[in-house]
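Topology and contacts: notes
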Amino acid sequence: MATKQKTLHDAFYETLKDVYYAEKQSVKALKKSAKAAEHDELRQAFETHAEESAHQVERLTQVFEIIGKPARAKTCEAMQGITSEMEEDLEDFGDSPAADAVLAACAQAVEHYEIARYGTLKTWASQLGYADAASLLDETLQEEKKTDALLSKIAETINAAGIEDGAEPAPKAKAKAVR
């Protein structure tokens, strides 16, 4: 008895389940990060994106409905790895001047993973003829990109604050001429 060949439909559904799990984990991680953040702008960014992520979970539920499949989560190893790394970093840097810089970096790792996944899902949804799903996924993709850009902007401020008191930042290297 031959096993049924996997299709792009299968890949789309499996990845959707993966992202559904990841997004739910992201909400928890963002709430935890908001509590831990010292910098007001960073805390606000985490709180805002936690609310946004809750809406993104709802959007994913709509995508499941569009494809006629149950909204199920599948353990996302990547998100588990990123969040456990965040936990370790919070323990290691929790009371240090670099704590917020480390939190922002962990949050960006989550955003970059989500950007990669939503980009893929949007493309696949279009190819599979799910225009409404592609539109919903693109809405989330744009929010993730906007959050990533905001975190980059905030990081420039807080990273400087994380440099040891009295220590001078390393001098900028002069660009070498290319021959």
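Residues numbered from 1 in each chain as written. Predicted model: local features only at pLDDT ≥ 70, side-chain atom pairs only at ≥ 80, totals over all residues. Heavy atoms only, no water.

Topic: helix 1 (residues 8-36)
- Along its 29 residues, helix 1 runs 41 Å from first to last C-alpha, staying within 8% of the 42 Å computed at 1.5 Å per residue.
- With a side-chain oxygen lying 3.2 Å from the backbone nitrogen of histidine 9, the N-terminal cap of helix 1 falls on threonine 7. (Helix = DSSP H or I, 4+ residues; strand = E, 2+ residues; numbered from the N terminus. Expected span 1.5 Å × (residues − 1). Polar contact = N/O pair within 3.5 Å; in protein donor to acceptor, adjacent residues only side chain to side chain.)

Description of the confidence of the model for the protein
- Taken as a whole, the protein shows an average pLDDT of 90; of its residues, 89% reach a score of 70 or greater.
- By mean pLDDT, helix 3 (residues 77-93) is the weakest element of the protein at 91, and helix 2 (residues 40-66) is the strongest at 96. (pLDDT = per-residue confidence, 0-100.)

Focus: the packing of helix 1 against helix 2
- Here helix 1 crosses helix 2 at 155°, and the two axes come no closer than 9 Å. Here helix 1 is positioned roughly antiparallel relative to helix 2, judged by the angle of their axes. The handedness of the crossing between helix 1 and helix 2 comes out as left-handed.
- By residue class, the composition of the contact of helix 1 with helix 2 is 15 nonpolar, six polar and six charged. (Axes fitted to C-alpha atoms, helices over the stretch in contact; angles between N-to-C directions. Parallel < 35°, antiparallel > 145°, perpendicular 65-115°, else oblique. Left-handed = near helix turned anticlockwise from the far one by under 90°. Nonpolar A, V, L, I, M, F, W, Y, C, P; charged D, E, K, R; others polar.)

Considerations on the pattern of salt bridges
- For the structure on display, the rule yields nine salt bridges.
- For lysine 74, the salt bridge is made with glutamate 14, and the minimal N-O distance between the two is 3.3 Å. In this pair, lysine 74 sits in the loop between helix 2 and helix 3 while glutamate 14 sits in helix 1, placing the two residues 60 residues apart along the sequence.
- A relative accessible area of 31% places lysine 74 in the partly exposed class.
- Through salt bridges with shared partners, a single ionic network connects Glu14, Lys17 and Lys74. (Salt bridge = Lys/Arg side-chain N within 4 Å of Asp/Glu carboxyl O. Buried < 20%, exposed > 50% of the residue type's maximum accessible area, 1.4 Å probe, protein only.)

Quick look at the environment of alanine 101
- With respect to the secondary-structure elements, alanine 101 resides in helix 4 (residues 99-127).
- Residue class for alanine 101 comes out buried when judged on its relative accessible area of 17%.
- When the C-alpha positions of alanine 101 and isoleucine 158 are compared, they lie 5.7 Å apart, and in sequence the two are 57 residues distant.
- Discounting residues that sit within four places of it in the chain, alanine 101 has contacts with Ile158 and Asn159. (Contact = heavy atoms within 4.5 Å.)

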